[in-house]
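# Report on the structure
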Amino acid sequence: MAARKSLFWSLIFRALRLRLQRVLIIFTALTVGAGIVTAMAAVYFDINTKMSRELRTFGANFYIGSAHNELISEEQINEILELTPRGLITAASPYLYGVARTDLEKIVIMGVWFDNIRQLSPYWQITGSAIGVNFDDKNAMIGKNLAERLHLKVGDKLTLSKNAAEKHQFTIKGIVEAGDATDAMLIVGLEFAQNWLEKEGLANNVLLIIKNDQNQAEQFAQDLERNYPDLSARPIRKISASEGQILNKIKGLMGLIALVILILATLCVNTTLIAIVGERAKEFALQKALGAGKSDIIKQIGTETLIIACGAIIAGLILGYGLAQLLGLTVFKAYIDMRLPVIPITIALSLAVAFLAVIIPTQRALAIQTANVLKGE
């Protein structure tokens, strides 16, 4: 029994050594297949997080306002933010608009939470600097068009007046170019706007950035409107809807690439194994003549292929991890996290490719006519 096992392994390693060039072709094909599967699977399982983070650079993707064109309560806004599951909302700010008077003309002021405004409006181009704290009532930012109209630049003073006795002076800390109505507004802290406009604790609407990698926005909107009938809640379609669509398209493309590579790898391995079986026809015929059964031939070819496949899987995992990081840095400027399911998926698909590729060559080896081959026919 021991001698038979020794002979079996001797035949295995001899076959691999004598046909090293073809073995390397099989190894390379399986390695590439395993590498692509590893990279695509790693990106697939991590892309939700990376793409959501990338799309947040477009700004707010969710709107809350009154269902009856009225002002909404800041207290209600805070309640929503507190009761929302942790991690769903990454930034939020109420917005309050109103008309105020300067020494020169009437202007529109916009009250916001300064600490979140840069996340909600990352496309703002600011000359000077942004304001980062909500309680700052000494500084303000001003839209580019309004600044030009009032001949103001960064560091200048702007005074709001209610009457001869009630005035408030701001230092212009930043000039904002947003490409929308904001360019004609004075941007101040929400608390100041509420006091100045005599609308304590109120806002026109709220803009938020919420996680939407699994279409949570629609469900969140439905929950809000059910729990707060006086509110209107909806995703901002051009941002939130795009997120799910882009993710599905990218995932579909990655799956298609992996499938094509696996099919090509299967064909390459299959063709190479058929050539190897043709070269080893006399060897298999001699083994049959000496008493080897079909199961012995199957076991021998299967073991040889399995050894190559195991080495290729290890190399493919390493190659795929490196490729995933390259994709992550190129597309998302961040490393891809290797998720646990990636390894079993790579192993299973790589072994499936090897199994499918070895079926026809094994059948050909079993179909060899011993007498004819040994006669040289």
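Below is a short write-up of the structure. (Residues numbered from 1 in each chain as written. Predicted model: local features only at pLDDT ≥ 70, side-chain atom pairs only at ≥ 80, totals over all residues. Heavy atoms only, no water.)

## A closer look at the side chain of Asp183
Our working rule: The way it works is that DSSP assigns letters per residue, a run of H or I at least four long becomes a helix, a run of E at least two long becomes a strand, and they are numbered from the N terminus. Think of it in three bands: residues with accessible area under 20% of the maximum for their type are buried, residues over 50% are exposed, and the middle band is partly exposed, with areas taken using a 1.4 Å probe on protein chains only. All tallies of charge rest on Lys and Arg as positive and Asp and Glu as negative; His and the ends of each chain are not included. In the sections that follow, a salt bridge refers to a side-chain nitrogen of Lys or Arg positioned within 4 Å of a carboxyl oxygen of Asp or Glu. Definition of a polar contact: a pair of N or O atoms within 3.5 Å, with one able to donate and the other able to accept a hydrogen when the atoms are protein atoms, and with sequence-neighbouring residues admitted only if both atoms are side-chain atoms. Residues are treated as being in contact if the distance between any of their heavy atoms lies within 4.5 Å.
By the secondary structure assignment, Asp183 is in the loop between strand S8 (167–177) and strand S9 (185–189). Summary of buried charges: Asp183 has no salt-bridge partner, and the nearest side chain of opposite charge, Lys144, is 7.2 Å away. For Asp183, the side chain forms a polar contact with the main-chain nitrogen of Gly179, separated by 3.0 Å. Not counting residues within four places of it along the chain, the set of residues in contact with Asp183 comprises Gly143, Lys144, Asn145, Leu146, Val176, Glu177 and Ala178.

## Description of the pairing of strand S7 (residues 157–161)
Applicable threshold: Two strands are counted as paired when DSSP detects at least two bridges linking them.
Burial analysis of S7 places 4 of its 5 residues in the buried class, which makes it a mostly covered element. One ladder, built from 2 bridges, connects strand S3 (residues 89–102) with S7; its direction is antiparallel. The partner of Arg101 across the bridge, within S7, is Ser161. In terms of strand pairing, S7 meets S8 through 5 bridges, oriented antiparallel. The residue bridging Leu160 from the neighbouring strand is His168, located in S8. Where S7 hands over to S8, the hairpin turn is made up of 5 residues, counted between the paired strands.

## A word on the environment of His168
Within the secondary structure, His168 sits in strand S8. Assessed through its relative accessible area of 15%, His168 is described here as buried. Spatially, the C-alpha atom of His168 lies 8.7 Å from that of Lys138, the residues being 30 residues apart in sequence. In this structure, His168 is in contact with Asp137, Leu158, Thr159, Leu160, Phe192 and Trp196, ignoring residues within four places of it in sequence. A polar side-chain atom of His168 sits 2.6 Å from the main-chain carbonyl oxygen of Asp137.

## Considerations on the nonpolar core
Keep this limit in mind: Only buried Ala, Val, Leu, Ile, Met, Phe, Trp, Tyr and Cys residues count toward a nonpolar core, and they belong to the same one when joined by side-chain atoms within 4.5 Å.
Counting residues in each nonpolar core, the largest one holds 41 residues, and the members touching the most others are Phe62, Ile109, Ile142, Leu160 and Leu186. Look past the residues within four positions of Leu186 in its chain and what remains in contact with it is Ile107, Val108, Ile109, Met110, Ala140, Met141, Ile142, Leu146, Leu158, Leu160, Phe170 and Ile172. Grouped together as the second largest cluster of nonpolar side chains are 27 residues, Val37, Ala281, Ile301 and Ile368 included.

## Details of helix H11 (residues 342–366)
The cut-off we apply is this: The length a helix should cover is 1.5 Å for every residue beyond the first. Bend at a given residue is defined as the angle between two axes, one fitted to the seven residues that end at that position and one fitted to the seven that begin there.
If you check H11, its first and last C-alpha atoms are 36 Å apart, about what 25 residues at 1.5 Å a residue would give, namely 36 Å. Its axis deflected by about 35 degrees at Ile359, H11 carries its strongest bend there, up to four residues before the proline Pro361. Restricting attention to buried positions, one finds in H11 the residues Val342, Thr346, Ser350, Val353, Ala354, Ala357, Val358, Pro361, Thr362 and Ala365.

## Remarks on the pattern of salt bridges
Pairing between side chains of opposite charge can happen when their charged atoms approach one another. Applying the stated criterion across every chain yields a total of 6 salt bridges. With its nearest N and O atoms 3.7 Å apart, the salt bridge here joins Lys153 to Asp156. With a relative accessible area of 54%, Lys153 lands in the exposed category. Residues Lys162 and Glu166 are paired through a salt bridge, measuring 3.8 Å at the closest nitrogen-oxygen approach. One network of salt bridges, with partners in common, ties together Lys162, Glu166 and Glu198.

## Looking at the packing of helix H9 (residues 281–289) against helix H10 (residues 294–332)
Note the cut-off: Note on geometry: axes are C-alpha line fits, over the in-contact stretch for helices, and angles between N-to-C directions span 0 to 180 degrees. Between 65 and 115 degrees an angle is taken as roughly perpendicular, under 35 as roughly parallel, over 145 as roughly antiparallel, and anywhere else as oblique. Left-handed describes a crossing in which the near helix is turned anticlockwise from the far one by less than a right angle; the clockwise case is right-handed. When residue character is reported, Ala, Val, Leu, Ile, Met, Phe, Trp, Tyr, Cys and Pro are called nonpolar, Asp, Glu, Lys and Arg charged, and the others, Gly included, polar.
Where H9 meets H10, the axes come as close as 10 Å, and the angle between the chain directions of the two elements is 140 degrees. With respect to H10, the axis of H9 lies oblique. Considering how the two elements wind past one another, H9 and H10 form a crossing that is right-handed. Touching Glu283, Phe284 and Gln287 of H9 are Ile297, Gln300 and Ile301, all from H10. Residue classes in the contact of H9 with H10 are distributed as 3 nonpolar, 2 polar and 1 charged.

## A few points about the packing of aromatic side chains
Stated formally: Working definition: a ring pair exists when centres of Phe, Tyr or Trp rings (six-membered ring for Trp) sit within 6.5 Å. Plane angles under 30 degrees give stacked, over 60 give edge-to-face, the rest tilted.
Under the definition given, this model contains 5 aromatic pairs. Considering the side-chain rings of Tyr44 and Phe45, the 5.4 Å spacing of their centres and the 85 degrees angle between planes classify their relative orientation as edge-to-face. Taking the relative accessible area as the measure of exposure, Tyr44 reaches 37% and is therefore partly exposed. Residues Tyr95 and Tyr97 carry aromatic rings whose centres are separated by 6.5 Å and whose planes lie at 20 degrees to one another, so their mutual orientation is stacked. With a relative accessible area of 28%, Tyr97 lands in the partly exposed category.

## A few points about helix H7 (residues 216–227)
As a reminder of what qualifies: Note: the arc covers the axis-to-C-beta directions of the helix.
The terminal C-alpha atoms of H7, which comprises 12 residues, lie 16 Å apart, in line with the 16 Å expected from a rise of 1.5 Å per residue. Taken as a whole, H7 has its buried residues at Ala217, Phe220, Ala221 and Leu224. The arc that holds every buried residue of H7, seen down its axis, measures 100 degrees, which confines them to one face.

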